[in-house]
Amino acid sequence: MEQEQMIILTGYEARKKIMAGIEKAAKIINSTLGPGGKNVIYESEYNRRVNVADDMYDSQAPTITNDGVRVASKVIFEDPIEDLGAQALFEVSKQQNIEAGDATTTVVTIAHKLIQLIMNKLNEGGELDVETINRMELKRELNKAKDEVIIELKKKAKPVKTLSELENIAMTAGENEFIDKKIAEAWWKVGKDGWVGVEGHKGLETEIEVHEGMRFHAKLMSEYMRTTAKGEMEVKEPLIIVTNHDIEDSEQIKGWIQKATQRLKFDIVLFAPKFSAKATDFINTARAKVEQFNMENKTKGVKAMRLFAIKIPSLTEKEGGQVEDLAIFTGATFIDKHKSMNMEDSNIDYFGYATKVFCDNDIAIVASDSGDVIKRIKDLTIQMNSEKDDTFKNRLKNRIASLSSGIAVVKVGATTDTERRYIKLKTDDAVHSCGNALQDGYIQGAGQVLKKLPCKNEYLKKALEAPYNQIQTNAGNTEIPKWVIDPVKSMILAIERAVSMAGMIITIDTAVAYKRDNDLSKKFDEILKVLKK
């Protein structure tokens, strides 16, 4: 077997190559920032960085977008060392997407300028590789300055008090006033404890559906349960099974899975407190086999049932009522170990139903119209009023609030798959912006606040001015409307992510990469052709 050849660069040459990749990637990504940002078109087959999937159907239609993380995910350079620089920008954009859901271009703009300024200083020594900066000390100074800046930024945040403010936030992130106002209306209905999701549908019009929802702390059993670009799980119209049994063995679930597979075509979501390593392996393996089967038989219109697993808090009998709340909410039979009910005895009559289930690494949200929620809330209210223990009284109050959450789904319609992809990505940004603003408030947008923030570190100060300057460049130096506002949470996360990545990049002194075949790379000149001048 032929050994793969490697490229190893050190010192000035390593930094020079990595910076070249960062500059090239930033030129593409930064051009998409703001209302005057340009679009990029790419073929679906170039979806190489698997963490960011294009989950809008299975169309091979090209994607046109100015969404930062999507663009960053497609930038792959022929030179493997330069590509390491591009990967660094993709990573910071990806993390911003996971944690905030928007400002994925802003974080690149800040990180690029910060790295550029420091690298230029580092490389003043040229090939002699003279150390011009104490890099570790600078990294500490950057982190200290970042903390001070964030404190100042939080002081400037204003809470969302009106629907009009929420509409402005949505319109700042989106492009379609009609859709953006619908998004704001949806968030206004469900509140900050609710949830708004985005999905595509084959219709021409964009619609919004509002459902009763339940929100509670939970985690995915494993990363193999993920279905979205952000590492979350979203499943439409699954059957639900709920238990307070720990799943220790595959025998606990094999029986009813086989019965369900024979009679039903719905996906299944299993909620349980714990899954042993053996049970986890079984479910992961089963999931992988089903996904492979579905992929191979997609053209035949044949689809196998998928099993998803979510971990819910393991509580005592008195504390664990929220698990039973979930069963009642979805119309499922609660398989209660305290009542000597066994998982092995379960059958398909035990299943409940949900219109949608969402879960990340902290929160699960279930939309359903199947259970008697009103009666359950009444029962819990009576129980709360008679409870003497303040701790359990508050827990009952939280359970009532959990059952009262609202859930909205924005169903994006369009005339073509390319247009639908574009609208969906913009809609997704607007949805996340509104949610973030409801949580932590908003600030004046388009980089106006960032550039005015007091900052003692000269590098970070100039980097915080970069988003405003780039937006002005892209838009042709136009006056920014007063209604343009941004969620402060997104800006804080962007600063944190940018400083974190810059702090890592500036300490690099050696770069190692495998040589790659030319036919597997995307050349910079080919990408530049799609940018509007």
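To keep things clear, this report deals only with the structure shown in the data block. Small disclaimer: the values here were computed from a predicted structure and weren't measured.

Another point: the environment of P481. Its location among the elements puts P481 in the loop between α14 (458-475) and β17 (485-487). Sequence separation of P481 and A446 is 35 residues, and the distance between their C-alpha atoms is 9.5 Å.

Turning to helix α6 (residues 163-173), a few remarks are in order. Within α6, 8 of the 11 residues are buried, which leaves it mostly tucked inside the rest of the structure. Of all the residues in α6, the buried ones are E165, L166, E167, N168, I169, A170, M171 and A173. On its buried side, α6 packs onto α7 (177-190), α13 (417-440), β16 (442-444) and β17.

Together, M6, I8, V512 and Y514 give the surface a local cluster of nonpolar side chains, amounting to about 390 Å² of exposed area. Every element with two or more residues in the nonpolar patch is listed here: β1 (6-10) and β18 (510-514). Note on placement: Y514 falls in strand β18. For Y514, a relative accessible area of 46% corresponds to the partly exposed category.

Enumeration according to the criterion identifies 3 aromatic pairs in this entry. The positively charged end of K24 is found above the aromatic ring belonging to F77, 5.9 Å away from the centroid. Sitting above the plane of the Y468 ring, K451 keeps its charged end 4.6 Å from the centroid.

Per the counting criterion, the structure on display carries 21 salt bridges. As a salt-bridge pair, E152 and K155 come within 3.3 Å of each other at their nearest N and O atoms. Taken together, the residues E152 and K155, both in helix α5 (residues 135-155) and 3 residues apart, mark about one turn of the helix. Relative accessible area serves as the criterion here: at 27%, E152 is assigned to the partly exposed category. Sharing partners across several salt bridges, the network here consists of K17, K24, D79 and E82.

Cut-offs used in this document
Residues numbered from 1 in each chain as written. Predicted model: local features only at pLDDT ≥ 70, side-chain atom pairs only at ≥ 80, totals over all residues. Heavy atoms only, no water. Helix = DSSP H or I, 4+ residues; strand = E, 2+ residues; numbered from the N terminus. Buried < 20%, exposed > 50% of the residue type's maximum accessible area, 1.4 Å probe, protein only. Contact = heavy atoms within 4.5 Å. Patch = residues over 30% accessible without salt bridge, like charges linked within 9 Å, V, L, I, M, F, W, Y side chains within 5 Å. Areas by Shrake-Rupley, 256 points an atom, 1.4 Å probe, with all protein chains shown as cover. Salt bridge = Lys/Arg side-chain N within 4 Å of Asp/Glu carboxyl O. Phe/Tyr/Trp six-rings, centres within 6.5 Å; stacked < 30°, edge-to-face > 60°. Lys NZ or Arg CZ within 6 Å of the ring centre and 35° of its normal.

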